[in-house]
Amino acid sequence: MQDESSSPLLCDVLASASAGIISRCFTHPLDTAKARMQAPGNVMFKGPIDAIVKTFQHQGLRGLYGGFGAVIIGGTPGTVLYLTGYSYSRDKMTALVTGGDGRRQAAQQLTPGQEFAVHLSCGMLAEAVTCVIYVPVDVIKERL
């Protein structure tokens, strides 16, 4: 028999990982364009659209998605940590403020000001913790 408390965590982890991977499928070419435009001595590209078009013309999809595997391996844990950490801390902080269990019923007891404070503080906490993963990954990615 499966423990009910582990099921929401597993769902959060899988949904977070999926969301991170799917979003990177769409945004990786923009990140590639940004990196190419920031390269020292860049005179080839007039803007991000120009960088994407010229990269595709000269290198195809392989050029636009170069380094994608490393980004998925390095970035997915950060996305999971952020989204799961946000959800967990939001539930715990809501329970703390309302005296409830942190679930949807307790969240409905929050005033608009309390709800704003909970979301703001949980977002800042999740971002601060996640930077431990994202910053080193971004440094490595930019150096590749």
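All values derive from a computational prediction rather than experimental measurement.

Criteria and thresholds
- Residues numbered from 1 in each chain as written.
- Predicted model: local features only at pLDDT ≥ 70, side-chain atom pairs only at ≥ 80, totals over all residues.
- Heavy atoms only, no water.
- Helix = DSSP H or I, 4+ residues; strand = E, 2+ residues; numbered from the N terminus.
- Buried < 20%, exposed > 50% of the residue type's maximum accessible area, 1.4 Å probe, protein only.
- Contact = heavy atoms within 4.5 Å.
- Areas by Shrake-Rupley, 256 points an atom, 1.4 Å probe, with all protein chains shown as cover.
- Expected span 1.5 Å × (residues − 1).
- Polar contact = N/O pair within 3.5 Å; in protein donor to acceptor, adjacent residues only side chain to side chain.
- Patch = residues over 30% accessible without salt bridge, like charges linked within 9 Å, V, L, I, M, F, W, Y side chains within 5 Å.
- Salt bridge = Lys/Arg side-chain N within 4 Å of Asp/Glu carboxyl O.

Caption draft 1: Structural view of the overall build of the protein chain. The helix and strand tally for the protein chain stands at five helices and zero strands. The secondary structure elements of the protein chain, listed N-terminal to C-terminal, are α-α-α-α-α. Looking at the 144 residues of the protein chain, the share that counts as buried comes to 28%. In the protein chain, once contacts between residues fewer than 6 apart in sequence are set aside, the share between residues at least 24 apart is 64%. Total accessible area on the protein chain stands at roughly 9600 Å², and carbon and sulfur atoms take up 67% of it.

Caption draft 2: Geometry of the environment of M124. Following the sequence through the fold, M124 ends up in helix α5 (residues 112-143). With relative accessibility at 54%, the residue M124 sits in the exposed group. Expressed as a C-alpha distance, the spacing of M124 and Y82, which sit 42 residues apart in the sequence, is 10.0 Å.

Caption draft 3: Looking closely at helix α2 (residues 48-64). Between the first and last C-alpha of α2 there are merely 12 Å, a value that for 17 residues lags more than 12% behind the 24 Å anticipated at 1.5 Å per step. Burial in α2 covers these residues: D50, A51, I52, T55, G60, G63 and L64.

Caption draft 4: Structural context of the side chain of T79. Here T79 lies in helix α3 (residues 68-98). The exposure class assigned to T79 is buried, which follows from its relative accessible area of 8%. Among the polar contacts made by the side chain of T79, one reaches the side chain of R24 at a distance of 3.1 Å. Beyond its immediate chain neighbours, meaning those up to four positions away, T79 contacts S16, G20, R24 and Y134.

Caption draft 5: Here's a closer look at a nonpolar patch on the surface. Residues L81, L125 and V129 make up a contiguous nonpolar surface patch of about 230 Å² in total accessible area. Secondary-structure assignment places L81 in helix α3.

Caption draft 6: Focus on α3. Spanning 31 residues, α3 covers 43 Å between terminal C-alpha atoms, matching the ideal 45 Å at 1.5 Å per step. Positive phi shows up at G99, right after α3, with a value of about 80°.

Caption draft 7: Inspection of the environment of G47 at higher detail. With respect to the secondary-structure elements, G47 resides in the loop between α1 (6-38) and α2. Along the sequence, G47 and A33 sit 14 residues apart, while their C-alpha atoms lie 8.4 Å from each other.

Caption draft 8: Just the side chain of H28, in detail. If you trace the backbone, H28 turns up in helix α1. According to the relative accessible area criterion, H28 is buried, its value standing at 6%. When residues no more than four places from it in sequence are discounted, the contact partners of H28 are L64, Y65, G66, G67, F68 and V71.

Caption draft 9: Structural detail: the environment of R143. Looking at the element boundaries, R143 is found in helix α5. We classify R143 as exposed; its relative accessible area is 73%. It is 9.6 Å that separates the C-alpha atoms of R143 and A35, two residues lying 108 residues apart in sequence.

Caption draft 10: View of the pattern of salt bridges. With the rule as written, the count across this model stands at three salt bridges. Salt-bridge contacts for K34 lead to D31; the nearest nitrogen and oxygen are separated by 3.8 Å. Residue K34 and its partner D31 are located together in helix α1, separated by three residues, close to a single helical turn. Judged by relative accessible area, K34 falls into the partly exposed class, the value being 36%. A salt bridge links D50 to K54, with the nearest nitrogen and oxygen atoms 3.3 Å apart. Remark: K54 and D50 occur in helix α2; sequence separation between them is four residues, near one turn of the helix. With a relative accessible area of 24%, K54 lands in the partly exposed category.

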